[in-house]
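Descriptive analysis of the structure
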There are 2 protein chains.
Amino acid sequence: MARTTSRATSFDVAALAGVSQSAVSRAFTPGASIADDTRHKVLEAAAKLSYVPNSIASSLTTKRSNIVALILGDMSNPFYVHVLHAFSNRLQEEGRQVLIFTLDRNADSDAAILQVLKYQVDGVILTAAQASTRMTDICHERGIPIVLFNRYIPGSDASCVRCDNAGGGRQIAEAFLAAGAQKFAVIAGDPKGTTSQDRVRGFIERMLESGARRSDIAVLEGRSSYDGGYAAALKHFSANTQSRPDALFCVNDIMAMGAMDALRFKLGVKIPQDLMLAGFDDIPEGRRAPYQLTTVRQPVDLMVEETLSVLNLDQPSQTIERGIDRPIKGKLIWRSTIPVPVSNFRA
Amino acid sequence: MARTTSRATSFDVAALAGVSQSAVSRAFTPGASIADDTRHKVLEAAAKLSYVPNSIASSLTTKRSNIVALILGDMSNPFYVHVLHAFSNRLQEEGRQVLIFTLDRNADSDAAILQVLKYQVDGVILTAAQASTRMTDICHERGIPIVLFNRYIPGSDASCVRCDNAGGGRQIAEAFLAAGAQKFAVIAGDPKGTTSQDRVRGFIERMLESGARRSDIAVLEGRSSYDGGYAAALKHFSANTQSRPDALFCVNDIMAMGAMDALRFKLGVKIPQDLMLAGFDDIPEGRRAPYQLTTVRQPVDLMVEETLSVLNLDQPSQTIERGIDRPIKGKLIWRSTIPVPVSNFRA
């Protein structure tokens, strides 16, 4: 256990750098006021002495670890990788780091939150589908702020930050209707996630309002993944050549990419000539030349800022803000997978 | 700062679960021997009491935090996302979690390692291109094991785990030669990274051995990204219609995907008829129908296991194993972007 050597203190660093001990402290405090020149001297001296401030010791005093837990359900969906990247960059800017927890589709979410709480974290961001009131209650009881990212728990008072998913489903429905589609299919994502549920619900509600019959809308399972979208399209469309839908809504972009590849490369279906298609999220991968996917853009940067604002890590207080839920509207992005109507369609 | 409430202790949990206090301790120790039934009782009681073991307090005793730092240079290359996912899953299985640090292309790597060491981490895995002996020396001096993943520092005694990148470059060169190519281009990645340097070097060495002239091999810059590969291909190939190469080696798959999209969708180049092409890594994205990329597979799972074996987190000792470097051979995967020679070519 004796991996440590005798350590330099902040006083050693101050002496070598020729600055005050408080300057050393400020040099290592994100956002603290210090001249670039002084900071440089401190870092030089610290490097020479292999000095680093002991954040464990200081976290016992301040009760802050500068660690934020991010619980991810699925790293195979690039959307959540972009979300992780955005959180990591933003938190790092303010001297905090992301501790990652991955949750399998069938993992026990209560056990997962206990695992998270074995670490002293300043806050928890949950993006996995399996969210429970028990998880959020445990965090609330322990005074740890938690935000559900792009999902919510019906009946819970936990705060969440999300896109208006039902509204986005409606936007896709309107685009299909404007382009003249009459028979529809949906590839849904994780059935436990409110994100998929809401997108499907908004889509179907808007279709029914337009006079479509429920029987004109097939709902398939795509497990939120590329492979799931690919398999769902292959199974449904090769078995239904006569009653083939003329519009397919995949509730996320990565499933839409899988479905497109199966349809075009395996079944010879032309998009959008034979079948129009849309996704949701606007991941950069869906913008690439082989896909040019029409989709609803989730305002990720805005959602990240809103999450940090709700977590309020700089101002820990007795009470955690609960029940915050202000869905942010997404934006329909027209690309090549739905023909743009000639009439003056309003997106 | 008073976000905490009065906390249940392990004795409270033991009393409620009707087990010994040492059983509670074992239930929360990864790999400890405990009956499933007992473990279940403990977790139930712990959940009821919102009890979690305080790993900060215990880390001050054991000097272990169960946190491993992963320094990532680039999350826009899916290869490193797969690496992150693999490390996160494997470490989580043994009760450890990954703390992420992202390093910009132009970031100061010495400042980054000091940032890492503000946290008490049990080990450091470095995948960013900017590795310096100063970074590894600081870790060694502080008794923290560090492994360079898929890169190394010439002249350094830091251990590294990597694919045989130069050998992989040679494998691609042989595939091109077997398919009859005579004029070549390479899209290189981050010039600071040994990974890209070695792949380019192996490729060129094998070409020169075959009698090619150095002037028959153009080397372009692709910045290791999809957009960089796209831009490099667009710039080079639209300007050189007469002296167009007949084979293009992109030193990673994500640049190859970008280059393929620019060549096919912007310049109308047919692959492999007009130009044969290969990548490196074998990311799942390159296997998809629009790409079907011929590449060299990096043995990620093996590399992850080797990294954990070198870090040796379970057996902290006075000395850290240094200087370990056993490159693991990659495997050539034939798909559609190089015509398979009719003759009995040996991969």
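The notes below deal with the structure included here.

Here is what the cut-offs are and how they apply
- Residues numbered from 1 in each chain as written.
- Chains lettered and ligands numbered in written order.
- Predicted model: local features only at pLDDT ≥ 70, side-chain atom pairs only at ≥ 80, totals over all residues.
- Heavy atoms only, no water.
- Helix = DSSP H or I, 4+ residues; strand = E, 2+ residues; numbered from the N terminus.
- Buried < 20%, exposed > 50% of the residue type's maximum accessible area, 1.4 Å probe, protein only.
- Contact = heavy atoms within 4.5 Å.
- Areas by Shrake-Rupley, 256 points an atom, 1.4 Å probe, with all protein chains shown as cover.
- Lys, Arg positive; Asp, Glu negative; His and termini not counted.
- Charge placed at Lys NZ, Arg CZ, Asp CG, Glu CD.
- Salt bridge = Lys/Arg side-chain N within 4 Å of Asp/Glu carboxyl O.
- Pairing = 2+ DSSP bridges.
- Axes fitted to C-alpha atoms, helices over the stretch in contact; angles between N-to-C directions.

When helices and strands are tallied, chain A shows twelve helices and eleven strands. Along the first, second and third principal axes, the C-alpha set of chain A runs to 80 × 40 × 40 Å. Taken over 347 residues, chain A has a buried fraction of 58%. Here the analysis covers contacts within chain A between residues at least 6 apart in sequence; of these, 72% occur between residues at least 24 apart. Carbon and sulfur atoms make up 48% of the accessible area of chain A, which amounts to about 14200 Å² in all. Of the charged side chains in chain A, 39 are positive and 36 negative, and the gap between their average positions amounts to 2 Å.

Glancing now at unusual backbone geometry. Where the residue is not glycine, phi is negative for most of them; where a peptide bond is considered, it is trans in most cases. Backbone torsion omega between I271 of chain A and P272 of chain A reads 10°, so that peptide bond is classified as cis. Here P272 of chain A shows up in the loop between α11 (253–266) and β9 (276–278). Backbone geometry at R223 of chain A places phi at a positive 55°, although glycine is not the residue there. Relative to the assigned elements, R223 of chain A resides in the loop between β7 (217–221) and α10 (226–239). R223 of chain A gets classed as partly exposed once you look at its relative accessible area, which sits at 43%. With phi around 55°, N312 of chain B is a residue other than glycine that occupies positive phi space. In this structure, N312 of chain B sits in the loop between α13 (300–311) and β11 (331–333).

Bringing the pattern of salt bridges into the picture now. Residues and elements named next belong to chain B. Enumeration according to the criterion identifies 42 salt bridges over all chains in this entry. A salt bridge links R201 to E205, with the shortest nitrogen-to-oxygen separation between them at 3.8 Å. Separated by four residues within a single helix, R201 and E205 lie in helix α9 (residues 194–209), roughly one turn from each other. With a relative accessible area of 40%, R201 lands in the partly exposed category.

With that settled, the discussion passes to the sheet that holds strand β4 (residues 146–149) of chain B. Overall, mixed pairing links the ten strands, which are arranged β5(A)-β4(A)-β3(A)-β1(A)-β2(A)-β2(B)-β1(B)-β3(B)-β4(B)-β5(B) in an open sheet. Across the chains shown, the open sheet's two edge strands, defined by having one partner strand only, are β5 (159–161) of chain A together with β5 (159–161) of chain B. Across the sheet, the mean angle separating the axes of adjacent strands is 25° when strand polarity is ignored. Taken together, the three bridges between strand β3 (residues 123–126) of chain A and strand β4 (residues 146–149) of chain A define a ladder with parallel strand orientation. When the bridges of β4 of chain A are listed, I125 of chain A appears paired with V147 of chain A. Contacts from helix α5 (residues 78–93) of chain A reach β1 (67–72), β2 (97–102), β3 and β4 of chain A together with β2 (97–102) of chain B within the one sheet, and its direction differs from that of β2 of chain B by about 70°. Of the strands in this sheet, β3, β4 and β5 of chain A touch helix α12 (residues 300–311) of chain A, which is tilted by about 160° from β4 of chain A.

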